[in-house]
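A closer look at the structure
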Amino acid sequence: MRFNPLTKLVIIVLATFVFLANVSLMYEIVFIVFLGILLLINGDPYAAMIYWLIFSLLLLLSVTVFKNIHDTWSIIGSFLIIGGRRILPTIMAATFAIKHTHVSEWMRSLQRMHVPFDIILPLVVVFRFFPTLTDNLKNIIKALQFRGLISSKLALIVHPIRAIEYVLIPMISSADTVASELSSVVITRGISHQGIHTSIFGDHLRFIDYIVITSSIFFIAGRWLID
Amino acid sequence: MISLHKVNYSQNKNKILQDINLNIWPGEVTVLCGESGSGKSSVLNIISGLIPNLYGGNVTGEIRAHHEPLSFDDYASEIGMVFQNPKSQFINPDVYSELAFAMENVGMDQKTMIQRIDNVVNYYHAQDLLNRAMFDLSGGQRQMTALMSATMLKPPLYLLDEPSSNLDVTAIEQLRRQILDLKNEGSSVIIADHRLYYLIDLADQFVVIDNGHIKCQISRQEMRENATLLATKYRLRNLTAPRLRLTKTRIMRNLSDLITLEAHNLKFRYHCHESLIDIKSLELSNRDVIGISGENGAGKSTLIQLLTGMIKHHEGTILFNGQQLSRKQLVKNSFLVMQDVHLQLFFETVEKEISNGSRLTEQDRQLLESLKLTKLLKRHPQTLSGGEKQRVAIATALLSGKKIIVMDEPTSGMDYGNMQRLSSLIAHLKRAEILLIIVSHDQEFLNMTCSKVLIMNHGRITTVVTPDNMNGGIHND
Amino acid sequence: MARQQSKIKELVYIGIYTAIYFLVVCISTGVLKLTVPIFNSIMIPALNALLAGVIYLTVLDRVPRFGALTTIGIVMGIFFLITGHFPIAFVPELIFSLLADWLQHGTRGGKTKIYLSYTIFSFGLTGPILPLWFMKQAYINELVSRGKDQAYINHVFAAVTNVSFVISMGSIVVCSILGMWIAQKIYDKHLAGLRGTRS
C-alpha cells in the first residue's frame, strides 16, 4: 500500500519527537512495533523484521551484559547500546520515508508545502546526479589502479588529500557539460512551467494516511497523558 | 509551419551560422546533414530557443512559427526534443516517472497521464520497459524512452539532435519506425544526423549545411534518383546500412614482438546476478587488432575487466605470453581507455599526465608527435576535446609500458571525421608492441579498424569474424 | 524567459555541486567508519571541511551571487530530512549556510574572508552529530532510573563531553582553514586554468 509523502514526513517528525522526549520503555516498545507495522504495510517486511530483531537484541544486552555500569568499557558499551536503541526509531522512520516514494511525489509534496522552485530543482538534480557520481567514483578508482597511481582502494584513505584531488578534479571539470545537458533536458521537458505541477502517483491523502497521521497525534498526546 | 529567414548566429565574434533560410511544413521530415561543426545542431537549437537563451550568443534574423514570431513560453507542449547523449537525457530514476515528467510539469490530471502513458507504451510495445530503472537501460532503450517522453504532450514539432549516434543497428531501426509514426501523425520532424541510411526513405528534404551556410536542399525525389552522385558531391556518408565487413588484414610479427593473451574455461558470475561469463577457449594475439561486439549486457565489459585483471575470475586460467600472471600483474600490464575518458586524467598539464613526473626521452617525444600531442603538452588535460583526451590516455598507457590496451566504446559521441582519425591512429599504433582490443557496437568503425571481431552473446563468444570469414557475420534481422 | 533559462542553468549547477559535496560527505563518513571504531561521527564535519574546500571555491566561481550557498545548505538539509539522517540536522545547515552566504556576498573583504565563510559553512554539517548530545541525555536518564547518583553521573560525563565538544568544534575550525588552504592550491593548479576556456 502506498503512503503519501506528507504522512512520511509526519512520521519522521514524530520519530524525532520521541527521540528528543524522555519516554518510558513501554512507550518505546509500542512505538517500535508501530513503526515496524508501517514498514510492513509499506512493503518492506524484511526491514521490519531486522529492526525488531536489532531492538530486541539491544534491549536484551542492556538488561543483561550492561546491567551494571562500573568501569570505562561498560560505560562506553552501555552508552552505545542505549544510544543505539534511542536512535533506532529515527532510522526506521527514514527507511519508511525513502522506500517506495518517487522523486516526483516528493517534488509535488514539497511544492504543496510552498517550498520554492529554487530549492526543488537543485534537489531533483541531486537525486538524478548522485548515482552517476558514485558510478564515476568507481571508474576513477579503476583508472587510478590502471595508472598505478594507487595500488588498492585503501591507498585513498592513506592520502586523503591527494585522493580528493584525483577524485574531484575530473568530476568538477565535467560539471559544465553535465549542467548544459541536464539544463536542456529540464527546460525542454517544461520544468519551468508556471503553475501547479502534478504527480502521476497522485497526491491526495488516502484513508490509511489519515489513520497514520491520527495515530501520530495520539502518540504525541500519549507522551503527556500516559507516560 | 516554421520559417527561418536570414538567420545569423554568432558567439564571441565567431560566426557560426550565416544567412539561414529554411521552411518546415507540417507532416514533413527534414534532415540536416553536414560534418560535425558545420552548424547543424545550432540550427536545431535556434529553432528550440535554447540558443540564445541557454547557450548565449547573438541571433539575428526572423524565426516564425505559424507566421507568428516564435515564443518559447510553453516548450514542452510545443516542441519535443531528443538529444544526442542517452546518458544525460533523463531526469527521473525510472521509466514510468520519466514518461510522466513533462505532463506533470504542465499540471495534467492523474487520470489523463495514466491513460496517455498507457497508449504510448502500447503503441511502441514498450511494456517491459515501464518499470525499469533508467540506469539499467541500454543506450538504445534510453533513447527510445527519451523519444517516448518527448511525444507525451503531442507537440507539433520534434527536434532530434544526432539521435542515432550511440545506437546499434537494431536500435536505429526502432528509431526509424518511431520517426515514421510521428510523421504519419502529421508532426514535423527535424533531424540533425551524420548517419543518413535510415532516413533515406523517411525524409522529405535533406538540407546540407557546410561551414555555417546552407549549401543545398535536396528533395526526396532527387535523393532517391541520384543518391550516389549527390553523396560524392556533398561528401555525404553512411547512405547505406553498415554491415560487418572487415577490411584490415592481419599484422606480420616476429616472434620477438608477439604478445598473446589466452583464456581457458573462464567463468565469472556476480553474487546473485545471472550475468555470467563462460568462455571455453580464447586466443588473442597482437597479430590482430581485436574487436569485441555484442548487445548490451552480453558480457563485453565483464570480459575485458577479467582480461585486464580488474576483477577476479572464479574459474579457469588467463595466460599472458603463455604465463599465468597474478591479478595485480595483469593490471600492471594492461590499460583501459574508458568511455568517459575525462575520468582518467588527473594532472594539471598533458606533459605531467603523460610522463608521470619523469623526463621525456627523445623516443617518447617521437611517439607524442605521432599522436599529435606535442602542441598540447602545456594544456590542462580537462580542457581538451574528447578525441584529444583519448590520445592523451593512450599516450599514458604507451609510455608506461603497457602491453594490452583496451578501448571501451571509443567512438561513442564521435562524428565520422573523428572516427576516421581514430581509426588511422590505431592503424599507426598497431605497429608498436602492444595488443589492442576494441569494444564497440559501431560496425563501421570495426570494419575500418579491426582484423578480428568477437561477437558476444549471454557471456559466450558466439561468432568470430575475420576478413576471410564473412558469412559468420552479425545477425541483425 | 531568457533570464529564466540562465537561472535554471544556475540551479542545475547548484544541484550538481551539492551532489558532489554530498559525495564528499559520504566519503568522509565512510573513511571515518573504517578507521575510527566508535564516536566517529563527531569528526565528520572536520574531515569533510578538510576535503571539500575545492567544491566551495568552484561554487563561488560558477554561481557568484547571494543565495547559492544557502540553497546548497537547504538542499543538504532537506536531503538529511528525507533520508532521515536526523531531521534536526536541517537547522544548522540553514543557519550556517545563510551566515556564510551573507558573509561571502554581503560584506567586503579579501581572500581571508573566504577562510572565515568556509569555516562557518563547514559548521552546517554539525547537524548529524546532534543526536550524540541527545543520546547523552537519554543515557543520563537511564542511569538515573537505575538509581545511580547524580554526582557519579556528572563525574562520568564532565570530562568526556567537554573534551569531545572542544575537539569536535576546534577540529572543524582548524580543518576548515587547512582545507581551504589546500583547496586554494588545488584550485590554482587545476581549475583556475580551466576557467579561461569555459565559454
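Just so it is clear, the model here is predicted, and its values are computed rather than measured. All chains use their own residue numbering, which begins from 1 and follows the written sequence. Following the order in which they are written, the chains are lettered starting with A and the ligands numbered starting with 1. Totals for whole chains, interfaces and linings use every residue, but because this is a predicted model, local features are given only for residues with pLDDT of at least 70 and side-chain atom pairs only at 80 or more, for both listing and counting. Note that the side-chain values use all heavy atoms of the structure and ignore hydrogens as well as water.

1. Observations concerning the domain arrangement of chain A
- Structurally, chain A comprises domain 1 (5-102 + 203-225) and domain 2 (115-188).
- Each domain's extent is set by a domain assignment, obtained either automatically or from a database. Centre-to-centre, using C-alpha coordinates, domain 1 of chain A lies 34 Å away from domain 2 of chain A.

2. Some remarks on the UniProt feature "transmembrane region" (unreviewed entry) in chain A
All names here are of chain A.
- UniProt positions are given in the numbering used here, feature names are shortened, and annotations may be inferred rather than shown by experiment. Annotation from UniProt places "transmembrane region" (unreviewed entry) at residues 12-40, 46-66, 73-98, 113-130 and 207-226.
- As annotated, residues 73-98 comprises 100% helix and 0% strand, and the C-alpha atoms at either end are separated by 36 Å.
- Across residues 113-130, helical content stands at 78% and strand content at 0%; the span's end C-alpha atoms are separated by 25 Å. Strands here are runs of E lasting at least two residues and helices are runs of H or I lasting at least four, both read from the DSSP assignment and numbered beginning at the N terminus.

3. Looking at the interface of chain A and chain C
- Residues are treated as being in contact if the distance between any of their heavy atoms lies within 4.5 Å. Taken together, the 65 residues of chain A in the interface contact 65 residues of chain C.
- Buried area is calculated as the accessible area (1.4 Å probe) missing from two parts once they are joined, with the contributions of both summed. Carbon and sulfur atoms supply 80% of the area buried between chain A and chain C, which totals about 5900 Å² over both sides.
- Any Lys or Arg side-chain nitrogen located within 4 Å of an Asp or Glu carboxyl oxygen qualifies as a salt bridge. One salt bridge connects Asp-118 of chain A with Lys-7 of chain C, and the closest N-O pair in it is separated by 3.1 Å.
- Here a polar contact is recorded for every N or O atom pair within 3.5 Å, except that within protein the pair must consist of a potential hydrogen donor and a potential acceptor, and residues adjacent in sequence are included only if both atoms are side-chain atoms. For the interface between chain A and chain C, the tally reads 6 residue pairs in polar contact (both at pLDDT 80 or more).
- A total of 16 residues in the side of chain A that touches chain C trace back to one element, the largest contributor, which is helix α4 (residues 72-98) of chain A.
- Partitioning the side of chain A that touches chain C into residue classes produces 44 nonpolar, 15 polar and 6 charged. Amino acids are sorted into nonpolar (Ala, Val, Leu, Ile, Met, Phe, Trp, Tyr, Cys and Pro), charged (Asp, Glu, Lys and Arg) and polar (every other residue, Gly among them).

4. Structural notes on the sheet that holds strand β12 (residues 276-285) of chain B
All names here are of chain B.
- Reading across the sheet, the 4 strands line up as β12-β11-β14-β15 and stay open at both edges, with antiparallel pairing between neighbours. Each of the sheet's edge strands pairs with one partner strand only, and the pair in question is β12 and β15 (323-324).
- Pairing between strands is defined by DSSP: at least two bridges between the two strands are required. Bridge count between strand β11 (residues 260-269) and β12: 9 bridges; the pairing is antiparallel. Looking at β12, one finds that Leu-266 is bridged to Ile-279.

5. Some words on the packing of aromatic side chains
- Any two of the Phe, Tyr and Trp rings considered here, Trp counted by its six-membered ring, make a pair once their centres fall within 6.5 Å; the pair's planes then place it as stacked at under 30 degrees, edge-to-face at over 60, or tilted in between. The tally for this structure, following the rule as stated, stands at 21 aromatic pairs over all chains.
- Relative to Phe-79 of chain C, the ring of Phe-127 of chain A has its centre 5.3 Å away and its plane inclined at 45 degrees; by these criteria the two rings are tilted. Of this pair, Phe-127 of chain A sits in helix α6 (residues 117-147) while Phe-79 of chain C is found in helix α4 (residues 68-82), placing the two residues in two different chains.
- Seen from their ring centres, Phe-130 of chain A and Phe-22 of chain C are 5.3 Å apart, and the 65 degrees between their planes marks the pair as edge-to-face.

6. Observations regarding the sheet that holds strand β7 (residues 157-161) of chain B
Residues and elements named next belong to chain B.
- Sheet architecture is open: 6 strands sit in the order β6-β7-β8-β3-β9-β10, paired in mixed fashion. Among the strands making up the open sheet, the edge pair consists of β6 (79-82) and β10 (213-219). Ignoring strand direction, the axes of neighbouring strands in this sheet form an average angle of 15 degrees.
- Bridging between strand β9 (residues 205-210) and β10 involves 6 bridges; their strand directions are antiparallel. Bridge assignment links Val-207 to a residue of β10, and that residue is Gln-217.
- Under this scheme, a helix contributes an axis fitted over its contacting stretch, all axes are lines through C-alpha atoms, and angles between N-to-C directions fall in the 0 to 180 degree range. Sitting on the sheet, helix α1 (residues 40-48) touches β3 (29-33), β6, β7, β8 (188-192) and β9, and the angle it makes with β7 is about 150 degrees.

7. Quick word on the pairing of strand β19 (residues 452-457) of chain B
Residue and element names in this part refer to chain B.
- Burial classes follow relative accessibility: with a 1.4 Å probe on protein chains only, a residue under 20% of its type's maximum area counts as buried, one over 50% as exposed, and anything between as partly exposed. Counting buried positions over the 6 residues of β19 gives 5, a clear majority of the element.
- Bridge analysis of strand β13 (residues 290-294) against β19 gives 5 bridges, and the strand direction is parallel. Pairing of Gly-291 across the sheet is with Val-453, part of β19.
- Bridge count between β19 and strand β20 (residues 460-465): 5 bridges; the pairing is antiparallel. Pairing of Met-456 across the sheet is with Ile-461, part of β20.
- Linking β19 back to β20 in an antiparallel pair, the connection comprises 2 residues, with His-458 at a positive phi of about 50 degrees.

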